[in-house]
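Summary of structural features
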Amino acid sequence: MPIVSVPLADRAYDVIVQPGILTDAGREIRRWAENRRCAVITDANVARHHAPTLMASLAAAGIDATLHEIPAGEASKSFSCAAGLCEAMADANHDRKSIVIALGGGVVGDLAGFVASLFFRGIPFIQIPTTIVAQVDSSVGGKTGINLKAGKNLVGAFHQPLGVLIDPQTLRTLPPREFHEGFAEVIKHAAIRDSEMLEELASIHPDSPDLSPDLIARNVAIKAAIVAEDEFETLGTRALLNFGHTIGHGIEAAVPYGELLHGEAISLGLRAAVFLSIRHAGLDPAFAGVMDHLLGRFHLPLKLPESIHTEVILSKLSRDKKFDAGQIRFVLLKKAGDAFVSGSVGKEDLLDAIEYLRR
Ligand code: NAD
Ligand code: GLY
């Protein structure tokens, strides 16, 4: 069973990837959290498919657990939802000895981690991610948080989990669109650090929900290594994870919620970042075809819908935290697997990259 270590001194933890581990989660969790009560936080969709298995497994391991369900969707990453969860946990007599378990996608993980960072001034939490995005990206690294009207993830805390349990079989219940969007982040990790994985991704079945545990673990290992190098995103390394996200976030924010899923917007952002890497970082122009082929295989969009206006995308970009004092810090590729943060991308480049997405 693949185990990825996240080596963060006194906050180090393991990510265990094993098909079927949800049924045995109680035993793993008891190792990490003996004699602790647990508050399981999940959303309505995930609860339907997976909460009974987890709750039965906790009960079988002798762990006393309460279940707290939030509405599915990005709108739940809010102060009011976080406050409601804290109240519900207090009503259920949880205290500083309790542990939060996040069962769900990135929304549940970010919100539950944020609640754990606040409740009784901070209690431990465990991630059980159930989307591809959450399995390879958001459950690892300790970024937790909620959204403001002004933008996504503007309030939060770094709070590393005690451990992460990944059951690839939970992906079987994801709707196809939500399944495929996750590959944008998988491709992003491979593009910045592991060119061989790009070749592997070109050969797996794009519609098979049974993802290889080894592939998930290798993808997680990329994120874990970057987090270990630059936990608090102060050295520039963690910023590499923003590859494809500057223009991707702008596009995501420019459309009404739900029209483009996050991964779909990032697919366009990845194409734009490749275009700019060819212009500014000497990336082989043939790589544009490699990226398009990969994104297309996973049914991710390659073309910017006409209805999304360039000015609107640009106006959303300025809110993005990757603009530092008017300077754009843009992640580019020198070659597949080799990314860096560049200061050479200007506004004209952004306009050209957005135009490229319309062709
Ligand atoms: P999500 O959590 O909204 O899940 C997508 C949809 O799938 C939801 O409707 C959910 O209910 C449903 N779902 C989840 N698992 C399911 C399953 N196994 N079966 C059936 N339905 C299931 O979206 P996401 O893409 O997982 O996460 C996006 C969020 O993650 C965003 O808020 C983003 O900001 C955040 N994020 C955080 C980090 C980080 O480092 N903390 C990194 C990337 C993304
Ligand atoms: N998903 C970006 C990060 O964790 O830094």
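Below: a short report on this structure.

Conventions used here
Residues numbered from 1 in each chain as written. Chains lettered and ligands numbered in written order. Predicted model: local features only at pLDDT ≥ 70, side-chain atom pairs only at ≥ 80, totals over all residues. Heavy atoms only, no water. Near = heavy atom within 4 Å. Polar contact = N/O pair within 3.5 Å; in protein donor to acceptor, adjacent residues only side chain to side chain. Areas by Shrake-Rupley, 256 points an atom, 1.4 Å probe, with all protein chains shown as cover. Helix = DSSP H or I, 4+ residues; strand = E, 2+ residues; numbered from the N terminus. Salt bridge = Lys/Arg side-chain N within 4 Å of Asp/Glu carboxyl O. Buried < 20%, exposed > 50% of the residue type's maximum accessible area, 1.4 Å probe, protein only. Expected span 1.5 Å × (residues − 1). Contact = heavy atoms within 4.5 Å.

In this section: the site of ligand 1. Taken together, the neighbourhood of ligand 1 is formed by 26 residues, with Asp-43, Gly-106, Thr-130, Thr-131 and Thr-173 sitting nearest. Side-chain polar atom of Asn-45 to an oxygen atom of ligand 1: 2.9 Å apart, as the coordinates give it. Within the side chain of Lys-223, an N or O atom sits 3.4 Å from an oxygen atom of ligand 1. About the coverage of ligand 1: the protein hides 89% of its 870 Å² of free accessible area. Residue assignment for the shell around ligand 1 shows that the elements contributing at least two residues are helix H2 (44–60), helix H4 (106–118), helix H5 (132–138), strand E8 (151–158) and helix H6 (176–181). Of all the elements, H2 adds the most residues to the shell around ligand 1, at 4 residues.

Right, let's talk about the pattern of salt bridges for a bit. What the rule picks out here adds up to 24 salt bridges. Two residues, Asp-95 and Lys-97, come together in a salt bridge whose shortest N-O distance is 3.9 Å. A relative accessible area of 27% places Asp-95 in the partly exposed class. On the basis of relative accessibility, which here comes to 55%, the residue Lys-97 falls in the exposed class. Lys-143 is the partner of Glu-233 in a salt bridge, and the nearest nitrogen-oxygen pair spans 2.5 Å. Of this pair, Glu-233 sits in the loop between helix H9 (213–229) and helix H10 (245–254) while Lys-143 is found in strand E7 (residues 143–148), placing the two residues 90 residues apart along the sequence. Among the residues examined, Lys-143 registers a relative accessible area of 34% and is labelled partly exposed.

So, on to H9. Working note: α-helix, 3.6 residues per turn, so residues spaced by three or four point in the same direction. A rise of 1.5 Å per residue sets the reference length of H9, with its 17 residues, at 24 Å; its end C-alpha atoms lie 24 Å apart and thus fit the reference within 8%. For H9, the full list of buried residues reads Leu-215, Ile-216, Ala-217, Asn-219, Val-220, Ile-222, Lys-223, Ala-224, Ile-226 and Val-227. Elements in contact with the buried residues of H9: strand E1 (3–6), strand E2 (13–17), H5, strand E9 (163–166), helix H7 (183–193) and helix H8 (195–201). Where H9 starts, the residue carrying a side-chain oxygen 3.2 Å from the main-chain nitrogen of Asp-214 turns out to be Ser-212.

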